[in-house]
Amino acid sequence: MPKLKTKSGAKKRFKVTASGKVRAQAAFKRHCLEQKSPNMKRNARGMMTLAEPDQKIVLKNWLRNA
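The text that follows walks through the structure, step by step, so that each part is easy to find. In this text, all values refer to a predicted model and were calculated from it rather than measured experimentally. (Residues numbered from 1 in each chain as written. Predicted model: local features only at pLDDT ≥ 70, side-chain atom pairs only at ≥ 80, totals over all residues. Heavy atoms only, no water.)

Summing up its helical and strand segments, the chain has 3 helices and 3 strands in all. For a compact globule of 66 residues, the expected C-alpha radius of gyration is about 11 Å, and the chain comes in at 15 Å, more than 25% above that figure. Along the longest, intermediate and shortest principal axes, the C-alpha atoms of the chain span 50 × 25 × 20 Å. For the chain, buried positions account for 15% of its 66 residues. Sequence separation of 24 or more characterises 55% of the internal contacts of the chain that already satisfy a separation of 6 or more. (Helix = DSSP H or I, 4+ residues; strand = E, 2+ residues; numbered from the N terminus. Rg over C-alpha atoms; globule rule 2.2 N^0.38 Å. Buried < 20%, exposed > 50% of the residue type's maximum accessible area, 1.4 Å probe, protein only. Contact = heavy atoms within 4.5 Å.)

Another aspect to go through is the side chain of Q55. Examined against the element boundaries, Q55 turns out to sit in helix α3 (residues 52-61). Side-chain polar atoms of Q55 contact the backbone oxygen of L50, separated by 2.7 Å. (Polar contact = N/O pair within 3.5 Å; in protein donor to acceptor, adjacent residues only side chain to side chain.)

Our next topic: the sheet that holds strand β3 (residues 47-49). Within a sheet, adjacent strands bond to each other through the backbone by hydrogen bonds, running parallel or antiparallel. Sheet architecture is open: 3 strands sit in the order β1-β2-β3, paired in antiparallel fashion. The sheet terminates laterally at β1 (14-16) and β3, the two strands that pair on one side only. Across the sheet, the axes of successive neighbouring strands diverge by a mean angle of 35°, strand direction being ignored. (Pairing = 2+ DSSP bridges. Axes fitted to C-alpha atoms, helices over the stretch in contact; angles between N-to-C directions.)

To continue, consider a positive patch on the surface. A cluster of basic residues, K11, K12, R13 and R30, forms a positive patch on the protein surface. Here R13 shows up in helix α1 (residues 8-13). (Patch = residues over 30% accessible without salt bridge, like charges linked within 9 Å, V, L, I, M, F, W, Y side chains within 5 Å. Areas by Shrake-Rupley, 256 points an atom, 1.4 Å probe, with all protein chains shown as cover. Salt bridge = Lys/Arg side-chain N within 4 Å of Asp/Glu carboxyl O. Lys, Arg positive; Asp, Glu negative; His and termini not counted. Charge placed at Lys NZ, Arg CZ, Asp CG, Glu CD.)

With that settled, consider the packing of aromatic side chains. Under the definition given, this model contains 1 aromatic pair. With centroids separated by 6.2 Å and ring planes inclined at 10°, the aromatic side chains of F14 and W62 adopt a geometry described as stacked. With a gap of 48 residues between them, F14 in strand β1 and W62 in the segment after α3 connect regions that are remote in the sequence. Its relative accessible area of 16% is what places F14 among the buried residues. Of the residues examined, W62 reaches a relative accessible area of 34% and is grouped as partly exposed. (Phe/Tyr/Trp six-rings, centres within 6.5 Å; stacked < 30°, edge-to-face > 60°.)

What follows is the structure, given as structure tokens:
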């Protein structure tokens, strides 16, 4: 049976921490920023930890070797 490859798009979007949690960029920060509040834009900076159900999906389907 062939080796399972990691999805190359997922390698660029997600990072797995040493404890096994998945971190990703915050959503809703790409366009239409005029109407979003400064507080929302400030909170969307940097990386955030995904919720537990989302972590399971990412690790099972896209980052199999992580």
